[in-house]
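Residue-level structure breakdown
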Amino acid sequence: MNIFKQFAKSLYSPKSISMFRFQGIGKTILYVFLLTLLATLPMAVYMSTGISGLLKGLDSTLQEDLPEFKIEDGTLISDTTEPLELKKDDLFIVFDPTGAFTADEIENKQNGIGILKNEFVYAVAGQAQSYDYSMLNTMTLTKDDLSQYSSQFESVLPIVLSVVLIMLFLFTAASKFIEITFLAFISILFKNSLKRNLNFKQLWVMSAYAVTLSTVFFMIMEFLQVSVPSGILVNWFVNLIIMYLALKEIPASRKK
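Chains are numbered independently. Their residues run from 1 in the order of the written sequence. Whole-chain, interface and lining totals are the exception, using all residues; otherwise, since this is a predicted model, local features are given only for residues with pLDDT of at least 70 and side-chain atom pairs are given and counted only at 80 or more. The basis for the side-chain values is all heavy atoms of the structure; hydrogens and waters are excluded.

Let's talk about the packing of aromatic side chains
- Aromatic rings from Phe, Tyr and Trp, taking only the six-membered ring of Trp, are treated as a pair when their centres fall within 6.5 Å; an angle between ring planes under 30 degrees marks them as stacked, one over 60 as edge-to-face, and anything in between as tilted. The full count for this structure, using the stated rule, is 11 aromatic pairs.
- Plain terms: the ring middles of F20 and Y209 are 4.7 Å apart, the flat faces sit at 50° to each other, and that makes the pair tilted. In this pair, F20 is assigned in the loop between α2 (14–19) and α3 (25–64) and Y209 in helix α7 (residues 200–210), connecting sequence segments 189 residues apart. We note that F20, like Y209, is buried.
- The interplanar angle of 15° and the centroid separation of 6.0 Å between the aromatic rings of F177 and W204 together place this pair among those described as stacked. With F177 in helix α6 (residues 157–193) and W204 in helix α7, this residue pair connects regions lying 27 residues apart in the sequence. Helical segments are the DSSP runs of H or I of at least four residues, strand segments are the runs of E of at least two, and each set is numbered from the N terminus. When accessible area is computed with a 1.4 Å probe and restricted to protein chains, residues below 20% of their type maximum are described as buried, those above 50% as exposed, and intermediate ones as partly exposed.

Here is the structure:
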């Protein structure tokens, strides 16, 4: 059975998961990488489109909509006495030399850029990063300088995104392997109480398939940008239930 059929069966059939315990570890590792790809897909899509949109929105806004300014001694300096808030498609842009806006408010915009009094903030899919102007040390940055840097960064964006996405995939893969290994250790308690004769390798293989349902569920929620309350608890509850049901499908070991 190929891994795509195994993937489909792992979504609804604990019995199928129990039968996968005899397969080799190499194929199982390949399956884990498939799950990792699915888990990183929403973030990869939102990150790629979001950062591209941020750069294009920032570049056009700098040239057309913002007044002259400079960043000097860790502070945004401009003749504007009130914050400016602009919207371009789904992108919010805030220019605020007064200190009225905070990084949290930019994050709440989901997709936004904040050129604030003491920091630069950008948010993609509700995840914000901020950079304090004090990092510039004694360097002075003007509107034209920022526009030039934005255009230069846009030209190397594909390379930067590729590196970031590879790092994201590797980090997610490591997390997924840890999750599966931990589930396999917990399953030792299940298999002892159910009197199932399984070694750790078989438990690990079954655990890899048991996390399929939760992985797909959270992938869909991320695509829909829906926050799941107590997501970690939900994830482990589903994993443990699926694993327990799969172990029950295995015949109990006979007493000698």
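A short note on the sheet that holds strand β6 (residues 119–124)
- What the 5 strands build is an open sheet, ordered β3-β4-β5-β6-β7; its pairing is mixed. At either margin of the open sheet sits one strand with a lone partner, and together these are β3 (84–88) and β7 (127–132). Neighbour-to-neighbour, the strand axes of this sheet turn through a mean angle of 10°, independent of strand direction.
- A pair of strands is labelled paired if DSSP reports no fewer than 2 bridges between them. Note that strand β4 (residues 91–95) and strand β5 (residues 112–115) share 4 bridges and pair parallel. Note on β5: the bridge partner recorded for F95 is I115. With axes taken as lines fitted to C-alpha atoms, and helix axes fitted only over the stretch in contact, angles between N-to-C directions fall between 0 and 180 degrees.

Things to note about the packing of helix α8 (residues 212–223) against helix α9 (residues 231–248)
- Contact geometry for α8 and α9: axes closest at 8 Å, N-to-C directions at 150°. Here α9 runs roughly antiparallel to α8, going by the angle between their axes. Two packed elements cross with a definite hand, and for α8 against α9 that hand is right-handed. Along its contact with α8, which presents L213, S214 and F218, the element α9 presents G231, V234, N235, V238, N239 and I242. Relative orientations are named as follows: roughly parallel for angles under 35 degrees, roughly antiparallel for angles over 145 degrees, roughly perpendicular for angles from 65 to 115 degrees, and oblique for any other angle. When the near helix sits turned anticlockwise from the far one by under a right angle, the crossing is termed left-handed; a clockwise turn instead gives a right-handed crossing. In what follows, residue pairs with any heavy atoms lying within 4.5 Å of each other are defined as contacts.

Re the pairing of β3
- Bridge count between β3 and β4: 5 bridges; the pairing is antiparallel. Opposite L86, over in β4, you have I93 as the bridge partner.
- Where β3 folds back onto β4 in an antiparallel hairpin, the turn is made up of 2 residues, including D89, whose phi is positive at roughly 55°.

Considering the pattern of salt bridges
- Any Lys or Arg side-chain nitrogen located within 4 Å of an Asp or Glu carboxyl oxygen qualifies as a salt bridge. Tallying each qualifying case throughout the model produces 2 salt bridges.
- With a shortest N-O distance of 3.2 Å, E72 and K70 are connected by a salt bridge.
- Here E179 and K176 are joined by a salt bridge, their closest N and O atoms 3.4 Å apart. With a gap of 3 residues between them, E179 and K176 both fall in helix α6, about one helical turn apart. An identical accessibility class is assigned to E179 and K176; each is buried.

Quick look at a nonpolar patch on the surface
- Patch membership is restricted to residues that have no salt bridge and whose relative accessible area is over 30%. Joining uses 9 Å for like charges and 5 Å for the nonpolar side chains Val, Leu, Ile, Met, Phe, Trp and Tyr. Note on areas: Shrake-Rupley, 1.4 Å probe, and residue coverage restricted to the protein chains presented here. On the surface, I159, V163, I166, M167 and L170 cluster together into a nonpolar patch covering about 520 Å² of accessible area.
- Structurally, L170 can be placed in helix α6.
- Judged by its relative accessible area of 48%, L170 is partly exposed.

Concerning the side chain of T40
- Tracing the backbone shows T40 in helix α3.
- With sequence-adjacent residues up to four places away left out, T40 is seen in contact with L168, F169 and T172.

Side note on the nonpolar core
- If you look at the biggest cluster of nonpolar residues, it comprises 29 residues, and the most contacted ones within it are Y31, M206, Y209, M243 and L247.
- Mapped by element, the contributors of at least two residues to this core are α1 (3–10), α3, α6, α7, α8 and α9.
- With 7 residues, α7 is the largest single contributor of residues to this core.
- Beyond its immediate stretch of four places on either side in the chain, M243 contacts L183, S187, L203, M206, S207 and A210.
- In this text, buried Ala, Val, Leu, Ile, Met, Phe, Trp, Tyr and Cys residues form a nonpolar core when linked through side-chain atoms within 4.5 Å. Judged by nonpolar contacts, the second largest core, of 20 residues, contains L54, I113, V124 and L141.

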